[in-house]
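Coordinates in review
Residue-level listing of the chains:
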Amino acid sequence: ETGVTQSPTHLIKTRGQQVTLRCSSQSGHNTVSWYQQALGQGPQFIFQYYREEENGRGNFPPRFSGLQFPNYSSELNVNALELDDSALYLCASSPGGSSGNTIYFGEGSWLTVV
Amino acid sequence: RKEVEQDPGPFNVPEGATVAFNCTYSNSASQSFFWYRQDCRKEPKLLMSVYSSGNEDGRFTAQLNRASQYISLLIRDSKLSDSATYLCVVNPGGGSNYKLTFGKGTLLTVNP
């Protein structure tokens, strides 16, 4: 497959709780992006990390935050969960520099907020 | 105007049919364009990149019209396995900027 792994694959949280989703990027990829895909919609860009620094953010509130570690794996944290946060969360990794635009998605984490 | 807008679908076609998907984008400075395929409850996978000169990959042909900010995908001789959601994707930043903007997707069902 793509070499991008995400965990957990499915989880259920209660409104107001916090969640952490994890992503291991493909070997050698130093750029990780996170996307939210609500039912019936296309993925929406949340933010991107490049060499442990945030490198761009979409239209998401500050309660969506992230981290990238020295091994380029990444976390997405969402605080104060709302019902509308229920979605598929996709992590995508890519090589930095001028390697072209191919990105590789993980299989995603399905989050249900009740 | 939405950044990337696609035919709403769904499309239901018989095997062997030719089907075309259309997409428009709002950012005239966009640099890179793609079609992704997404199977039910799976992650999106790159189907093909789209170039100004048009490009073909077997039964699939993609076209880009920068003047009209329009992208298309044509599937000839549809197979049952082509059933999926097709996502029009634009990279507004170009180059190695991987912040992709996705359309809502168009669901295709190919019937026997």
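What comes next concerns the included structure. (Residues numbered from 1 in each chain as written. Chains lettered and ligands numbered in written order. Predicted model: local features only at pLDDT ≥ 70, side-chain atom pairs only at ≥ 80, totals over all residues. Heavy atoms only, no water.)

Some points on the sheet that holds strand β6 (residues 55–57) of chain B
Working definition: the strands of a sheet are paired by backbone hydrogen bonds and lie parallel or antiparallel to each other. Residues and elements named next belong to chain B. Formally: Strand pairing is defined by DSSP finding a minimum of two bridges between the two strands. Going along the chain from the N terminus, every DSSP run of H or I of four or more residues is numbered as a helix, and every run of E of two or more is numbered as a strand. In this analysis an axis means a line fitted to C-alpha atoms, helices contributing only their contacting stretch, and an angle means the value between N-to-C directions, from 0 to 180 degrees.
Within the open sheet, the five strands sit side by side as β1-β3-β8-β7-β6. Their pairing is antiparallel. A single partner strand is all that each edge strand has here, and the edge strands are β1 (4–6) and β6. Strand after strand, the sheet turns through a mean of 15° between neighbouring axes, direction not considered. Where β1 lies against strand β3 (residues 19–25), three bridges are found, and the strand directions are antiparallel. By the bridge assignment for β3, Glu-5 is matched with Thr-24.

Structural notes on the pairing of strand β5 (residues 45–50) of chain B
Residues and elements named next belong to chain B. Here five bridges tie strand β4 (residues 32–38) to β5, and the two strands are oriented antiparallel to one another. Within β5, the position partnered with Phe-34 by the bridge is Ser-49. Linking β4 back to β5 in an antiparallel pair, the connection comprises six residues, with Arg-41 at a positive phi of about 60°.

Structural notes on the packing of aromatic side chains
What counts, and what does not: Side-chain rings of Phe, Tyr and Trp, where Trp is taken by its six-membered ring, are said to pair if the distance between their centres is within 6.5 Å; with planes under 30 degrees apart they count as stacked, over 60 as edge-to-face, and otherwise as tilted. Buried residues are those whose accessible area, probed at 1.4 Å on protein chains only, stays under 20% of the maximum for their type, while exposed residues exceed 50% and partly exposed ones sit between those limits. Lysine NZ or arginine CZ positioned within 6 Å of the ring centre and within 35 degrees of the ring normal marks a charge as sitting over the ring.
In the structure shown here, the tally under the stated rule is 13 aromatic pairs over all chains. Look at Phe47(A) and Tyr49(A): their rings are 5.4 Å apart centre to centre, the planes differ by 85°, and that puts the pair in the edge-to-face class. Neither residue differs from the other here; Phe47(A) and Tyr49(A) are each classed as buried. Ring geometry for Phe21(B) and Trp35(B): centres 6.4 Å apart, planes at 40°, overall tilted. Of this pair, Phe21(B) sits in strand β3 while Trp35(B) sits in strand β4, and the two are 14 residues apart along the sequence. Like Trp35(B), Phe21(B) is buried. Joined through ring pairs, the aromatic side chains of Tyr35(A), Phe45(A), Phe105(A), Phe34(B), Tyr36(B) and Phe102(B) make up one cluster. Geometry around Trp110(A) places Arg41(B) over its ring, the cationic atom sitting 4.2 Å from the centre.

So, the side chain of Gln38(B)
The cut-off we apply is this: Whenever two N or O atoms come within 3.5 Å, that pair is a polar contact, provided that in protein one can donate a hydrogen and the other can accept it, and provided that, for residues adjacent in sequence, both atoms are side-chain atoms. The contact definition used throughout considers only heavy atoms, calling two residues in contact when any of these lie within 4.5 Å.
Relative to the helices and strands, Gln38(B) resides in strand β4. In terms of polar contacts, Gln38(B) uses its side chain to reach the side chain of Gln37(A), at 2.8 Å. A polar atom in the side chain of Gln38(B) sits 2.7 Å from the backbone oxygen of Lys42(B). Leave out the neighbours within four places in its chain, and Gln38(B) touches Gln37(A), Leu88(A), Glu43(B), Pro44(B), Ala84(B), Thr85(B) and Leu87(B).

Observations concerning the environment of Gln37(A)
When you line up the elements, Gln37(A) lands in strand β4 (residues 31–37). On the basis of relative accessible area, Gln37(A) is assigned to the buried category, the value being 9%. Each C-alpha atom of the pair Gln37(A) and Cys91(A) lies 11 Å from the other, and the pair is 54 residues apart in sequence. Excluding anything up to four places from it in sequence, Gln37(A) contacts Gly42(A), Pro43(A), Ala87(A), Leu88(A), Leu90(A) and Gln38(B).

Some words on the sheet that holds strand β1 (residues 5–7) of chain A
All names here are of chain A. Within the open sheet, the four strands sit side by side as β1-β3-β8-β7. Their pairing is antiparallel. Two strands close off the open sheet at either side, each with one partner strand: β1 and β7 (64–68). Recorded for the sheet is a direction-independent mean angle of 15° between the axes of neighbouring strands.

Focus: the interface of chain B and chain A
Keep this limit in mind: A quick way to say it: buried area is the sum, across both parts, of accessible area lost when two parts are put together, with a 1.4 Å probe. Any carboxyl oxygen of Asp or Glu that lies within 4 Å of a side-chain nitrogen of Lys or Arg is treated as forming a salt bridge with it. Residue polarity is assigned by list, with Asp, Glu, Lys and Arg as charged and Ala, Val, Leu, Ile, Met, Phe, Trp, Tyr, Cys and Pro as nonpolar; anything else, Gly included, falls into the polar class.
Between chain B and chain A, the contact holds 20 residues from the first and 30 residues from the second. Between chain B and chain A, roughly 1900 Å² of surface is buried when both sides are summed, and carbon and sulfur atoms account for 52% of that area. In this structure, the connection of chain B to chain A is made through zero salt bridges. Our count for the chain B to chain A interface comes out at three residue pairs in polar contact (both at pLDDT 80 or more). Across the side of chain B that touches chain A, the residue classes tally to seven nonpolar, seven polar and six charged.

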